[in-house]
Amino acid sequence: MRNPGDAAENQAGLSASVPPADGQAYRDAMARIVSSVHIITTDGPAGLAGLTMTAVASISDRPPTLLICVNRSLHSGARLIANGVFCVNTLTAADQPLADDFAGRTGLHLDERFGRGVWEKLVTGAPALTSALAVFDCRLVEVKDVATHHVLIGEVVAARHAPGGVSLTYLDRAYRAV
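Source: prediction; values computed, not measured.

Caption draft 1: Expanded view of the sheet that holds strand S3 (residues 49–53). Sheet architecture is open: seven strands sit in the order S3-S2-S6-S9-S10-S5-S4, paired in antiparallel fashion. In this open sheet, the two strands that pair with only one neighbour each are S3 and strand S4 (56–61). With direction set aside, neighbouring strand axes in the sheet form an average angle of 30°. As paired strands, strand S2 (residues 38–42) and strand S6 (residues 85–90) are joined by four bridges and run antiparallel to one another. Within the sheet, the bridge partner assigned to Ile-40 lies in S6 and is Val-88.

Have a look at this one:
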C-alpha cells in the first residue's frame, strides 16, 4: 500500500534516496539560512555575561516580545536566567571582532570582552552596545527547555535602532556583510 504523500514527493523530484535528517544533515541545512548576528548580554545578581548568537526571533509587537535560544551547556545561559534580564544587540559588519570575542574565538576572558566596544545601560541594566544596528532590552518572562537548548522569552522594555548601516550576518558558517 502506498502512502498518499509518496506521489507528491516523487512529483516534487524527491526520491527514496533522500537521507533522514540526522544532526549533521540538519546543521548543514541550517547553515544555508542567512541570520543576523547578535551579542546577547546580561547583568545582575548572577553577574555579567554575554555571548554571540543567531537564534533570535520576534514573537509579537503587542506586547513587544522576542525569543532567544541558548545551549543549556553554556554558563552564560544560567546567568541570563538567574538575572532575569537580557539585551539583544544586533551587530553591524564593523562589529565582527566583537562577535568573535563573545563567541569565545579570541580567548578573551569575559571582563576583557566587555572592555571592547562602547557599552551603556538602558532600562534593565543589561549592557547595550552603542554601535549596534538595533538593541532590544528585555525582561525574561518565560523559559522552556527544548532538546539541548533553553528557549528564553523576553518582553522588550526598551528598544532603539540606528538610522542605517551594514548588517553582520552569518551564512555557510562564515560572516557576511549585508
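This is not the end of the story, as more comes after the structure.
Caption draft 2: Just the sheet that holds strand S1 (residues 35–36), in detail. Strand order in the open sheet formed by three strands is S1-S11-S12, and the pairing between neighbours is antiparallel. In the strand order of this sheet, the two ends are held by S1 and strand S12 (174–177), each with one partner.

Caption draft 3: Structural view of the confidence of the model for the protein. Chain-level statistics for the protein give a pLDDT mean of 91 and a share of 91% at 70 or above. Counting contacts from residues 6–11, a segment whose pLDDT is below 50, to residues more than four positions away or on other chains yields four contacts.

Caption draft 4: Summary view of the layout of surface pockets. The space that makes up the largest pocket amounts to roughly 1300 Å³. The wall of the largest pocket is formed by 35 residues, among which Thr-52, Met-53, Thr-54, Ala-55 and His-149 lie closest to the centre. Among the elements of the structure, helix H2 (23–30), S3, strand S5 (64–71), helix H3 (75–83), helix H5 (110–114) and strand S11 (168–171) are those that each provide at least two residues to the lining of the largest pocket. In terms of residues, the lining of the largest pocket owes the most to one element, S3, which gives five residues.

Caption draft 5: Representation of the pattern of salt bridges within the structure. Here the structure, examined in full by the defined rule, presents eight salt bridges. With its nearest N and O atoms 3.0 Å apart, the salt bridge here joins Asp-43 to Lys-121. Within this pair, whereas Asp-43 is found in the loop between S2 and S3, its partner Lys-121 is found in strand S7 (residues 119–121), the two being separated by 78 residues in sequence. As a salt-bridge pair, Asp-145 and Arg-72 come within 3.6 Å of each other at their nearest N and O atoms. Within this pair, whereas Asp-145 is found in strand S9 (residues 134–146), its partner Arg-72 is found in the loop between S5 and H3, the two being separated by 73 residues in sequence. Taking the relative accessible area as the measure of exposure, Asp-145 reaches 48% and is therefore partly exposed. Here the residues in one salt-bridge network are Arg-32, Asp-172 and Arg-176, joined through shared partners.

Reading guide: rules and limits
- Residues numbered from 1 in each chain as written.
- Predicted model: local features only at pLDDT ≥ 70, side-chain atom pairs only at ≥ 80, totals over all residues.
- Heavy atoms only, no water.
- Pairing = 2+ DSSP bridges.
- Helix = DSSP H or I, 4+ residues; strand = E, 2+ residues; numbered from the N terminus.
- Axes fitted to C-alpha atoms, helices over the stretch in contact; angles between N-to-C directions.
- pLDDT = per-residue confidence, 0-100.
- Contact = heavy atoms within 4.5 Å.
- 1 Å grid on protein atoms, 1.4 Å probe; cavity = no way out; pocket = protein on both sides within 12 Å on 5 of 7 lines; lining within 4 Å.
- Points joined across faces, edges and corners; volume = space filled by probe spheres on them.
- Salt bridge = Lys/Arg side-chain N within 4 Å of Asp/Glu carboxyl O.
- Buried < 20%, exposed > 50% of the residue type's maximum accessible area, 1.4 Å probe, protein only.

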